[in-house]
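Chain residues, written in single-letter form:
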Amino acid sequence: MSIDSLRRSATATVSGLPQGFWWLWLSTLVNRTGAFVLTFLSLYLTVELGHSAWFAGLVVALHGLGGIAGSPLGGTLTDRWGRRPTMVTMHLAAAACAAALAVVTSAWAIATVVLLMGAAMQAVRPSINATIADMVPAHDVRRAYALNYWALNLGFAIASIGGGAAIFLGYRTLFVVDAVATTLCALIVFLRLPETRPEAKLDTRGEPVVEDKVSMLTVLRDAPFRTLVLLNLFVCIVFTAPWIGLPLTMADQGLSPSAYGAVIAVNGIVIVGFQLLVNKLTDKRSPVVLLSLSSLLFAVGTGATALAGSPVAFAATVVVWTIGEMIHVPTNAAATARLAPEHARGRYQGVMGMSWAVAGFVAPIGAGAIVGGPGPNVLWAVTFAIGCLAAVGYSLRLRKALADDTAGGGDERVAAPKTLQTSETDGTPGAPGTPETAGIPETPVAGIPETVAAPTGAEAPKSGATDTPTAGKSAVSA
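If you're wondering where the values come from, they're calculated on a predicted model, not measured in any experiment. (Residues numbered from 1 in each chain as written. Predicted model: local features only at pLDDT ≥ 70, side-chain atom pairs only at ≥ 80, totals over all residues. Heavy atoms only, no water.)

A. Broad picture of the overall build of the protein chain. Check the secondary structure of the protein chain and you find 15 helices and two strands. Taken as a whole, the protein chain presents about 19200 Å² of accessible surface, with 69% of it coming from carbon and sulfur. (Helix = DSSP H or I, 4+ residues; strand = E, 2+ residues; numbered from the N terminus. Areas by Shrake-Rupley, 256 points an atom, 1.4 Å probe, with all protein chains shown as cover.)

Encoded structure:
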């Protein structure tokens, strides 16, 4: 492939998205560029404050625990309060927590602040994902999620390098920089990003249509979505395991911590360097195929870790599951947006984000216990089995619910009404539920006449947004 063709491919990947998306993209990049707390928290607790490694691990786990509560909270606020105020408030709350870590020193205070920070950071994710689904045309949603994820990892890489170079300034200085960057992110959202929450629908008489209320319990009763969440939890556990098990496995083979640092850096390098190319290659592909493929890549990549014996071999396994990560994250977010009713996108994204948070809390504990007990090889055998199980689950249980809608070159298709599935019907239309307009194109159902639906959530924001500019790794990747 020539340089010119690569340039054209990159241009095609980033073109055609509304201006508001790029302000949101910039806010993500700024936020992650200053994300020093999670990167250096364990070193700060052990080296600077003299706490034990056990306490450092507990505090990091509390961050994930906070995310379990924060994700559904953020989803509810996103739908009820709005996308923009939820983002601004939660970014400012996270900034306040980062600033507080530069001041507090007691163990209980640190644990409390990190718990609240985890809740705030995870609470903002549903509003970001819902905003993307609101403003980006349906056939470009997956591409938009991939670009936003690329910004997250680009910022993460800059933060890792910048934090390492600035460590001589002290950990507290880095936490203050984190607070400033997160505040700047909130300002970008506040000043440049309009509210994108869909307006109430009107009937033929111009009266507001009363939408059926959607609670978290209602979301969990949606059988296809519940299956998607469960399978994503499996994948998240496999994805999170290497961040704990890989350094322990390499240390068990006598490799130095610096070798692990070089190996795990491959993850960020591959994402920053090849996310756009992977997105180009997977664009317009069936979401079920992509989710199954990514699960298999996670399974093979982590499973092969048991066979590795050198830094080069370990790095090769990281490349495999990193490709799975680049495919899975945007595809899963787009699938969530597609299954969600338009007026409940925040809640759906909140429940999905909770699966990431649960994995971020459970997987480190489980991985450490397995490595310390049966041994590293058992851990990688388990991750291989879970990844394969997830791949089979996507293929068998979600083929109808996520039926390919990319025929015709990716043009938007006429959308059948979204139905909340309340029984295990594998997404087959006609299952019991309350009809809701999804706002995301779905494959027309045989026997149901196609009718033109106004793409309320799939177009750029109204009110002049077209003309006016708008705007842990594993635990916060959703």
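Right, picking up where we left off after that structure.
B. A look at the nonpolar core. Of all hydrophobic cores here, the largest spans 48 residues; its most connected members are F225, L228, L246, Y394 and L402. Of all the elements in the fold, those that place two or more residues in this core are helix 10 (223–252), helix 11 (257–282), helix 12 (287–303), helix 13 (311–339), helix 14 (345–372) and helix 15 (376–397). Considering every element that reaches this core, the biggest residue donor is helix 10, with 10 residues. Excluding anything up to four places from it in sequence, Y394 contacts L228, L231, N232, V235, V288, L291, S292, S295, H328, N332 and R399. (Core = buried A, V, L, I, M, F, W, Y, C linked by side-chain atoms within 4.5 Å. Buried < 20%, exposed > 50% of the residue type's maximum accessible area, 1.4 Å probe, protein only. Contact = heavy atoms within 4.5 Å.)

C. Just the packing of aromatic side chains, in detail. Under the definition given, this model contains 12 aromatic pairs. Plain terms: the ring middles of F225 and Y348 are 4.5 Å apart, the flat faces sit at 45° to each other, and that makes the pair tilted. Of this pair, F225 sits in helix 10 while Y348 sits in helix 14; the two residues are 123 residues apart in sequence, bridging distant segments of the chain. One exposure class covers both F225 and Y348, and it is buried. For the ring pair F239 and W356, a centre distance of 6.0 Å and an interplane angle of 80° mean the geometry is edge-to-face. A residue pair is termed long-range when its members are at least 10 positions apart, and F239 in helix 10 and W356 in helix 14 qualify at 117 residues. Members of the aromatic cluster, connected to one another through ring pairs, are F239, W243, F298, W321 and W356. (Phe/Tyr/Trp six-rings, centres within 6.5 Å; stacked < 30°, edge-to-face > 60°.)

D. A look at the packing of helix 4 (residues 53–80) against helix 6 (residues 107–135). Where helix 4 contacts helix 6, the axes come no closer than 6 Å and their chain directions differ by 35°. With respect to the hand of their crossing, helix 4 and helix 6 are arranged in right-handed fashion. Of the residues assigned to the contact of helix 4 with helix 6, the class counts are 15 nonpolar, 11 polar and no charged. (Axes fitted to C-alpha atoms, helices over the stretch in contact; angles between N-to-C directions. Left-handed = near helix turned anticlockwise from the far one by under 90°. Nonpolar A, V, L, I, M, F, W, Y, C, P; charged D, E, K, R; others polar.)

E. Expanded view of the pattern of salt bridges. One pass over the structure, following the stated rule, counts seven salt bridges. With a closest N to O distance of 2.6 Å, D134 and R83 form a salt bridge. Placement of the pair is D134 in helix 6 and R83 in helix 5 (residues 83–101), with a sequence separation of 51 residues. Taking the relative accessible area as the measure of exposure, D134 reaches 3% and is therefore buried. Using a relative accessible area of 1% as the deciding quantity, one classes R83 as buried. One network of salt bridges, with partners in common, ties together D79, R83, D134, R345 and R347. (Salt bridge = Lys/Arg side-chain N within 4 Å of Asp/Glu carboxyl O.)

F. Broad picture of the packing of helix 2 (residues 19–33) against helix 6. It is the contact of helix 2 with helix 6, at a shortest axis distance of 10 Å, that shows an interaxial angle of 160°. Taken together, the axes of helix 2 and helix 6 are roughly antiparallel relative to one another. Two packed elements cross with a definite hand, and for helix 2 against helix 6 that hand is left-handed. Residues G20, F21, L24 and R32 of helix 2 form the contact with helix 6, whose participating residues are M121, R125, I128, T131, I132 and M135. A class-by-class count of the residues in the contact of helix 2 with helix 6 yields six nonpolar, two polar and two charged. (Parallel < 35°, antiparallel > 145°, perpendicular 65-115°, else oblique.)

G. Quick look at a nonpolar patch on the surface. Nonpolar side chains collect at one region of the surface, where L184, L187, F190 and L191 lie side by side and expose about 390 Å² of accessible area between them. Here L191 lies in helix 8 (residues 171–192). (Patch = residues over 30% accessible without salt bridge, like charges linked within 9 Å, V, L, I, M, F, W, Y side chains within 5 Å.)

H. Spatial organisation of unusual backbone geometry. Its identity is not glycine, yet K284 carries a phi of approximately 70°, on the positive side. Mapped onto the elements of the fold, K284 is located in the loop between helix 11 and helix 12. You can call K284 partly exposed: its relative accessible area is 29%.

I. Structural context of helix 14. Between its terminal C-alpha atoms helix 14 stretches 41 Å, which fits the 40 Å expected from 28 residues at 1.5 Å a residue. By the largest-angle criterion, V362 marks the main kink of helix 14, which is about 30°, and a proline, P364, follows within four residues. (Expected span 1.5 Å × (residues − 1). Bend = angle between axes of the 7 residues up to and from the residue.)

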